Structure formats: C-alpha cells, structure tokens
Amino acid sequence: MTHSVQDPTSKNQKSSAWQPRILAFLCNWCSYAGADLAGVSRLQYPPNVRVIRVPCSARVDPLFILSAFRRGADGVLVSGCHPGDCHYLAGNLAARRRFALLKALLDEAGFEIDRLHFSWVSAAEGGRFAELIHKVTEKVRALGPAQPLAKERRL
Amino acid sequence: MNELIRQIRDTARRLLEERQVELVLGFEAGPLPLRNTPCFARSADGADRLTWDRACGLNLAVFLDGPARRIAILAKGCDSRAIVNLLKERRFARENIVIVGVPCEGMIDRRKVERRLGETDFDDARFEGERLVVRSGARTLELPVAEVLRDACRECAMPTPVFYDILLDGATARIPAAGSEAASPADRAERWQRFEAEAAKCIRCYACRNVCPLCYCRECCADQSGPRWVGPAPTPADNQVFLLMRALHLAGRCVDCGACIEACPVGVDVRYLFKRMEREVRERFGYESGRALDEKPPLAGYGTDDPEDFITDV
Amino acid sequence: MRRGTITREDLNELIRRWTAERKVIAPVRRDVVELSPVGSADEIAMDYSNTQLPTKRHFFRPSEVLLRFDLRAAPDRHVVEAESDADPTVLFGVRPCEARSHTLLDRVFLREPYCDPYYQQRRANTAVVVLGCTSAGPTCFCTSVGGGPNDHAGADLFLTEIEHGREAHAAIYLLDVVTERGASLLTGFDLPEADAGLIEHASRAAAELAATLKTIADLERIRTAAQTAFDDPVWQAICLSCVGCAACAFLCPTCHCFDIQDEVSGGRGRRVRNWDACSFAHFTLHASGHNPRPERHQRCRQRILHKFTWFPENFGAAACVGCGRCIRACPMGNDIRRWLEAIGKKV
C-alpha cells in the first residue's frame, strides 16, 4: 500500500471525502486478466481497489486477509478462476474451502463480513470484473472505515 | 485406590516390564487440588505414581513427539481423537505408540470452580460421589460435579476412546446431562463485543498454543518476524488476529479437548469459534475431526461441489 | 513510623477523598479478584487471597510506545518521544509480596545510569497501600524468599486487619505510616494512635501466620547452582512437562524481560517495548539463525538461575517474592517449589 500525500483514498475519518481502501488479490490467469480486459475495454469502475497479483487464489493465505484488515484495509476481495478452470487444476477448489471457513469464522466473531468478498472472474469477463468492483466498493463504502481488527490506523 | 487407577498402574507396569514401551504418559498428583500433572513413567516405580480422576483435563498427546521411541499414552476420548489427527498428519509412526484408552467421565473446569468461589486459590478439593467439595480458607463449597464440568465434556459425543490398543474398563463413560452448544448472539455487534472482550484478556503467553497437541508448527505465524504478521504485544488487533488464526488453523483438526481453555491463566475462552469451525466442517465437507484414520482431512483436499453460498456474485 | 488504628468506615472516607483527586487501583471481585480502577470504596474486595495478575503491569506495561516517527512530518517532528502517562495513583490493598516486588523491579529499572523514565515516573506518582495478610494461600511461600505477611518493604501505608467485625464496615485496621508519601495521603486526617497491646497482638498474629508457611529449599545453596550444577541432568528432569509458554513469566511480579520492536507502515511507525520471556524458544534467537538456548531445559535453567543466582549477584536479592502465581498459572502443573527442592539436592 502506498502512502502519498495526494492519495485520493487516504484515510481521514473526519473528512467527508472518505474513500474506502480495498485490497484485491487477483489470480494471474483469470481475474487479473479480467481486470486487464476491463481496462482495455475502457470500462469505468471505482478507483478504490489496489490489486495484488497472485499466481492462484490458493496462494492467498487467510493470514494475508487478516493482515490486510490489521493494517487498515477497509475491504478485501479475493478473485480467481471459475471452479473447473484453474490453471493448476484445483487450486481454486482448495482455496474455496479455506475461504468458506474464514468467512464463517469472521462472521462468528462478529466482524462485518461484507468487508470480505470472494468471487470468480475469468479472463473474458472484463464487464463482470467492473461490476464486481462496483458492488464490492458500494458494500464496503456503506460500512464506513473499518475499525475491528485494524491496528495501524492508530499508529 | 479405585479400580480404574489399579488398572492403569497394572497396565503401565506390564507395558514397561515387557519392554513394549520405554515410557508411559499419564498423570500424577500435582501441586494443587484439581491439578494433576503429566507423569512420565519409565519404571515400575513411576507406574505406581500414576493416578486418575476428574482433574486429568490436559491432553497428553502434546508430548508424543518427544525423544522416547516407543511410548504408551493414557488417552481419553478427545485425546484419542487428537492422536488420530496426528497420525493422519504423520507426526509419528503408528507402531511406536500404544494407546491405552480410558473411558472418560468428564473433566472439571477449574475456572468454573474459581468463579463460584470468587477466588483463584483453593486449599483443598475432593470428590464425594457426584459432588465436588472445595475449601478455600474458612469457606467450604459443595458443588454438583455436573455444574463445574467443562463445556466440552458436557457436550462430548465420544467420551470413550474410538481408537486404542488397550481399552480399560474400570469406569463406564458417563457424562452427566449433556448440554447443547450455546448459540451465539444473533446481533453482529454483540458477537463482536463478545470476541473483543475475550481477546482483550489475552496476555499472549501462548499457553493455549503450547498445550495444544495439534498446534505444533515449528514456527507459529504469531512468532514470525519476517514479515511480522502478528505483533507480539497484547494490543487488541494483534490479540484478535492471533486468536482468529489459531481457530482457523485448527479448523477440522481441533478435537475439543478443552486443554487450551484450561491452560489460559487469564480465562480467555473462545471455544465457540472452534465449535463454529467444527460445525462448518461437518456441514460443508461432511467431516468429523478425529473420527476415523482413513478419512481425508478437509483442508488437505477439495470437493467439486462444495457449497458456494459465501461467494459474491454479480 | 507512626502506627494508628482506623475503622473501615474511616478508611472508606479516605478512599473517597483519594478517588476525588487521583486514580485509585484496588482489588475488585469480578469472576475472580482483579486489580482495577475503582470509583468508590464499596467496590473493593478486602477479603481475598491474591489478585489473578500482579501489579507490575501498572509500572511496567505489557506494551509501551517509546517513540513515534513519521517521515512525512516536519523535520523537527520526525521522531517524537512518547510521554509517560503517569497519573497520580494509589495502589490500594495490594498484598505485601506485591509491594516487595516493586522494590525488586526498582533495582532494575531505577539503577543509575540507566534509569527507565516511564517506570520511574509511574513509581514516583504511585502510592502503595498494602494490606497485610491474615491467612496464606496454598501457593504462598513468601517467607522463603525474604518476605512475609507483615513485610513492610515497598509500602507507603500498611494496613493490618485487627478486628474483622461482624459486618464489613465494622472492621478495624492497624495503619502503619511507613513513608512520607504515605503520610501525605493522610493529610487532614486525624489518625488515632494505636495502643501497644494492639500492635503487639498484630505482630504476634503475623508471626504465627509466617510460622505456618513452609520453607522451601535453601536459597543460599541454590545460588551456587550456576557453578556446581549447571550441567547437571536435574534440569532435564524437572522440565519434562514444561511446554515453553510464558504463563509463569507473564504472571510473575518480578519477571521483567522485554523486547523492543519497530512497527513500521510506509514512512511512519512507532517503537514499542513489549514483555518477553526467556521460556520462549525465539527469545535468544539470533539473526543468523543460531540459538544459544535451543533446548527447553536450557531455558528453564535460565529462568531459575536468573531469579536465584544472577539476580542476587547483580541486585542483592532473589527475583522472587513467593506469591505462587507461577504455580497456579502453569498449565502443566509445574511447581517452582518442587523444582528448587530438586535443584537444591544437586548443589
């Protein structure tokens, strides 16, 4: 995450111009290419998402997600290939089990689970990617700045 | 000495004398009431120190990866399930351990006793049938055992070991009045408050992690310093991330033995998070932790038709 | 030293006065007895064995920010040292072993030339009112390490219950004014002198209680263990069931090891001092990967020898007050008294 003075999404809770900061883990083979397609197709979507490219959605350790929240992310999105289309055959299927548990766990703990999203976007789905970002951004925006789990806001 | 203790000692002595094992892991009387301590019996003398009652709540499987090559272990139902999981994870060879199953009548939750006394110190505790008589200074308290049993024991479905080499039958597994899983508050904010309050107590001594037979990572994510995922200080966020990660890492592996809750010196109790994981694993993947050696751990595999109810669709 | 008597009612009035002008931290019975800020005397538990956690966290915080840095700030604000939050405080009703632990921590944190400013300010702003013991818990062994139920070390005021009274407010206490700071807490309060008979009675009761406490191993001999038994197999034998957590160290009123870490995010962050414990395997881990204490028994040995050999050599007393919390806190039921006994036989 970069910190620059001009950062349009920098955190200032008091400011009415608060913008959510959302971290997106996108798999290299599908969702990242989907985001690329959205870009070259000149589709509009909110600029609140910072992308981290990962080889596969299964590369995303739940610890990365909790760590993102701990470090002040307002939302996290993980997106990979559709089930059955994984470049590594079953990486996304293995990840699916992990994410189901993580989401249930955070729900049990009372964390606002609308801050956390998992989705499947293929390389051909530029439009779907843009729509997804709209949806996720709106859900996170509605919740306001994240408090639970966040540590670094108070640094 | 009751029949069960006699059987335990006889069995331990026989295993040691016949050189079937080098070491018998059991319990001996500890320094305080309701506090048996692990016993590492290597000889007939050691075997005679072994004891058993409702204060054997630790999970001895945590010592199974020690230096001794052939080990016998006294195992309650939950301990045997932990051993099943450890075998699945190839922590040790099956032929190197002798599992001596002990039917369990449920273990005392010392915290419940302390809360009833309003005091962490008590001088004496003894069982009188189904009652526990506790003395602290001039005060004596008589408590029905069922009221001070661990929640895990009250809800235990398999108090008798499911997996063993020898099963002792001095006692029949008999748990008084099983309760049901206490429901979490329906309101999200209330659930967060509950979690926040439990996490706030944590002093990050890692007693929970270290007494857990299934928390055996060579380097815990809470200890890693490059990168520092979880800060070592007991700040709210770091405590929360630590407790959540522990629950997640034990999803499908936790056997609900309750050792971590008993171990906590400040009374952090997030068992409900572990229970939620247990339920999710059961409902989503049809898996029961520690039930059978030939069932594949849910997170070591995948299903093509696993539920996708949590996926954000557009 | 002035010695007077005070009723519970007058004591409550004093506490009321204190709460008006400073923070009062006292034992409160919730699930168990804990130290907690109180707003009124009624919340305070006076009939307890010991608090779950020791008082050290009041002076030596589990986590303390030492400084903050921000490279985006003006150059003269790049690094800002943290101020100590040392509000005037009364630590009320703590046990004599707690007050004694403060005098031991003082030897570490207040020794010139490396005087710890955070600790120092909190100590300077905190008055300690001790409640002498009239009974002993099952893990108490204070008399073996130089303390006792009537030990005044570290106390500003020392209370001894001399009459329990049928109802709580009817209790009567002997009140010893041990220090100037203690006396200043009583400004404007007329303390009636205690008569000699009462004082005599109280000290006899304390001596009788002290006599009931068992003496554990001979500490003078344990002190030589570093020379005579450093490589003895006894260390492996005692620590068989130690799982290497820090429940003992974090609940110990005198353990004071810490670790300093920088928490950085972008160009800013903070330097934090956190409790640490020698029982953790990574406590001594070097950056190279080498660990001088890789084995569990070496870490247990470190903990014992630090308390009973090296601390006495460097600071003149054992780093233990005999509160017994480590015995109660150990998840595996290890007992330092048994450990010392076993070591004592080897030296």
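Rules behind the numbers
- Residues numbered from 1 in each chain as written.
- Chains lettered and ligands numbered in written order.
- Predicted model: local features only at pLDDT ≥ 70, side-chain atom pairs only at ≥ 80, totals over all residues.
- Heavy atoms only, no water.
- Phe/Tyr/Trp six-rings, centres within 6.5 Å; stacked < 30°, edge-to-face > 60°.
- Helix = DSSP H or I, 4+ residues; strand = E, 2+ residues; numbered from the N terminus.
- Buried < 20%, exposed > 50% of the residue type's maximum accessible area, 1.4 Å probe, protein only.
- Axes fitted to C-alpha atoms, helices over the stretch in contact; angles between N-to-C directions.
- Parallel < 35°, antiparallel > 145°, perpendicular 65-115°, else oblique.
- Left-handed = near helix turned anticlockwise from the far one by under 90°.
- Contact = heavy atoms within 4.5 Å.
- Nonpolar A, V, L, I, M, F, W, Y, C, P; charged D, E, K, R; others polar.
- Domains from an automatic or database assignment.
- Buried area = accessible area lost by both parts, 1.4 Å probe.
- Salt bridge = Lys/Arg side-chain N within 4 Å of Asp/Glu carboxyl O.
- Polar contact = N/O pair within 3.5 Å; in protein donor to acceptor, adjacent residues only side chain to side chain.
- Pairing = 2+ DSSP bridges.

## Observations concerning the packing of aromatic side chains
Phase 1 of the analysis: What the rule picks out here adds up to 22 aromatic pairs over all chains.
Phase 2 of the analysis: An angle of 20° between the planes, with centres 5.4 Å apart, marks the rings of F64 of chain A and W229 of chain B as stacked. With F64 of chain A in helix α2 (residues 62-70) and W229 of chain B in the loop between α8 (207-211) and α9 (236-249), this residue pair bridges two chains. As far as the burial class goes, F64 of chain A and W229 of chain B line up, both buried.
Phase 3 of the analysis: For the pair F99 of chain A and F118 of chain A, a centre-to-centre distance of 4.2 Å together with 10° between the ring planes defines the contact as stacked. Note that F99 of chain A is positioned in helix α3 (residues 91-109) and F118 of chain A in strand β4 (residues 116-120), a separation of 19 residues in sequence.

## Remarks on the packing of α2 of chain A against α9 of chain B
Phase 1 of the analysis: Closest axis-to-axis distance for the α2 of chain A/α9 of chain B pair is 11 Å, and the angle between their directions is 165°. Considering their axes alone, α2 of chain A and α9 of chain B lie roughly antiparallel with respect to each other. As for the relative orientation of α2 of chain A and α9 of chain B, their crossing is right-handed in sense. Facing α2 of chain A, whose interface residues are P62, L63, L66 and R70 of chain A, α9 of chain B presents D238, V241, L244, M245 and L248 of chain B.
Phase 2 of the analysis: Here the residues of the contact of α2 of chain A with α9 of chain B sort into seven nonpolar, no polar and two charged.

## Section: the domain arrangement of chain B
Residue and element names in this part refer to chain B.
Phase 1 of the analysis: Split by domain assignment, chain B resolves into domain 1 (1-106 + 156-179), domain 2 (110-148) and domain 3 (181-303).
Phase 2 of the analysis: Measuring from the centre of the C-alpha atoms in domain 1 to the corresponding centre in domain 3 gives 25 Å.
Phase 3 of the analysis: In this complex, domain 1 contributes 19 residues to the contact, which on the side of domain 3 involves 22 residues.
Phase 4 of the analysis: For the pair domain 1 and domain 3, the summed buried area comes to about 1700 Å², and 61% of that belongs to carbon and sulfur atoms.
Phase 5 of the analysis: By the criterion of area lost to domain 3, the three top residues of domain 1 are N85, K88 and E89, representing 30% of everything that side buries.
Phase 6 of the analysis: Inspection of the domain 1/domain 3 interface yields one salt bridge.
Phase 7 of the analysis: The partner of R253 in a salt bridge is E89, and the shortest N-O contact between them spans 2.7 Å.
Phase 8 of the analysis: Run the count over domain 1 and domain 3 and you get nine residue pairs in polar contact (both at pLDDT 80 or more).
Phase 9 of the analysis: The residue makeup of the side of domain 1 that touches domain 3, split by class, is eleven nonpolar, four polar and four charged.

## Brief notes about the interface of chain A and chain B
Phase 1 of the analysis: Taken together, the contacts link 40 residues of chain A with 42 residues of chain B.
Phase 2 of the analysis: Summed over both sides, the interface of chain A with chain B buries roughly 3900 Å², with 65% coming from carbon and sulfur.
Phase 3 of the analysis: Counting the surface chain A buries against chain B, the share from its top three residues, R97, L101 and E108 of chain A, is 21%.
Phase 4 of the analysis: In this structure, the connection of chain A to chain B is made through eight salt bridges.
Phase 5 of the analysis: With a closest N to O distance of 2.8 Å, E308 of chain B and R96 of chain A form a salt bridge.
Phase 6 of the analysis: The tally of links from chain A across to chain B stands at 20 residue pairs in polar contact (both at pLDDT 80 or more).
Phase 7 of the analysis: Of all the elements in the fold, those that place two or more residues in the side of chain A that touches chain B are α2, α3, β4 and α4 (126-143) of chain A.

## Section: the packing of helix α7 (residues 188-201) of chain B against α9 of chain B
Residue and element names in this part refer to chain B.
Phase 1 of the analysis: Viewed as axis vectors pointing N to C, α7 and α9 meet at an angle of 100°, and their least axial separation amounts to 9 Å. If you check the angle between α7 and α9, you find them roughly perpendicular. On α9, the residues touching W192, F195, E196, A199 and A200 of α7 are N239, Q240, L243 and L244.
Phase 2 of the analysis: When the residues that make up the contact of α7 with α9 are grouped by side-chain class, the tally is six nonpolar, two polar and one charged.

## Some points on the sheet that holds strand β3 (residues 71-75) of chain B
For sheets, the rule is that strands pair by backbone hydrogen bonds, running either parallel or antiparallel.
All names here are of chain B.
Phase 1 of the analysis: With mixed pairing, the five strands of this open sheet are ordered in space as β2-β1-β3-β4-β8. The open sheet has two edge strands with one neighbour each: β2 (35-41) and β8 (166-167).
Phase 2 of the analysis: With three bridges connecting them, strand β1 (residues 23-32) and β3 associate as parallel partners. Bridged to L23 within β3 is I71.
Phase 3 of the analysis: Taken strand by strand, helix α3 (residues 77-88) contacts β3 and β4 (97-101), and its axis lies near 135° from that of β3.

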